[in-house]
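# Summary of structural features
So the chains spell out like this:
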Amino acid sequence: MNKFDDMMNLLQKLHKGRFSHLIVVDAGFDVFRRAWCVAEIVESDRSNISQRMKIHSQESLDMHYNSLLRLDVRDCDASRVEDKEMILRRIGEGNYE
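Residues numbered from 1 in each chain as written. Predicted model: local features only at pLDDT ≥ 70, side-chain atom pairs only at ≥ 80, totals over all residues. Heavy atoms only, no water.

### A short note on the confidence of the model for the chain
Where the model shows low pLDDT, its predicted coordinates should not be examined in detail. Residues of the chain with pLDDT of at least 70 account for 93%, and the chain-wide mean is 87. The weakest mean pLDDT in the chain belongs to helix α1 (residues 4-14) at 81; the strongest belongs to helix α3 (residues 58-69) at 95. (pLDDT = per-residue confidence, 0-100. Helix = DSSP H or I, 4+ residues; strand = E, 2+ residues; numbered from the N terminus.)

See the structure below:
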């Protein structure tokens with residue numbers, strides 16, 4: 001069961017304006033290949049939570065820039081098939097837009 005959405009919303013309410021989501025991006029940009037990671041980034045944005053991103057290097061950004069332009073959560077991986085199906089279903093219902 002996913003409780004991330006509820007936790008993000010609770011933290012946002014408790015720490016009005018003082019809470020932010022730090023997205024740490026590895027050198028291979030693998031974080032953008034994981035369905036849950038992408039869903040969490042989208043949820044924090046949807047919840048108007050301030051986001052900050054720490055990128056390994058400008059070179060790694062340059063190397064992966066084109067793949068970011070083509071990012072599609074349908075192509076992302078998840079450890080459990082059920083997780084990916086739930087994420088895609090929520091997107092289809094408009095819950096991650």
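Moving on from the coordinates now.
### Points about the pairing of strand β1 (residues 20-25)
Burial along β1 is one-sided: H21, I23 and V25 are buried, while S20, L22 and V24, pointing the other way, are not. Across six bridges, the pairing between β1 and strand β2 (residues 50-55) is parallel. Note on β2: the bridge partner recorded for V25 is I55. What joins β1 to β2 is helix α2 (residues 35-46), and the crossover it makes is right-handed. (Buried < 20%, exposed > 50% of the residue type's maximum accessible area, 1.4 Å probe, protein only. Pairing = 2+ DSSP bridges. Right-handed = clockwise from strand over helix to strand, strands pointing away.)

### Considering the packing of aromatic side chains
Applying the stated criterion across every chain, the model contains one aromatic pair. For the pair F29 and F32, a centre-to-centre distance of 5.8 Å together with 35° between the ring planes defines the contact as tilted. This pair shows no difference in class: F29 is buried, exactly as F32 is. (Phe/Tyr/Trp six-rings, centres within 6.5 Å; stacked < 30°, edge-to-face > 60°.)

### Quick word on the nonpolar core
In this structure, A35, V38, A39, V73, C76, M86 and I87 together form the largest nonpolar core, which totals seven residues. Breaking this core down by element, the ones donating at least two residues are α2 and α4 (81-92). Per element, the largest residue contribution to this core is three residues, and it comes from α2. The residues contacting C76, other than those within four sequence positions of it, are F32, R33, R34, A35, V38, L71 and K84. (Core = buried A, V, L, I, M, F, W, Y, C linked by side-chain atoms within 4.5 Å. Contact = heavy atoms within 4.5 Å.)

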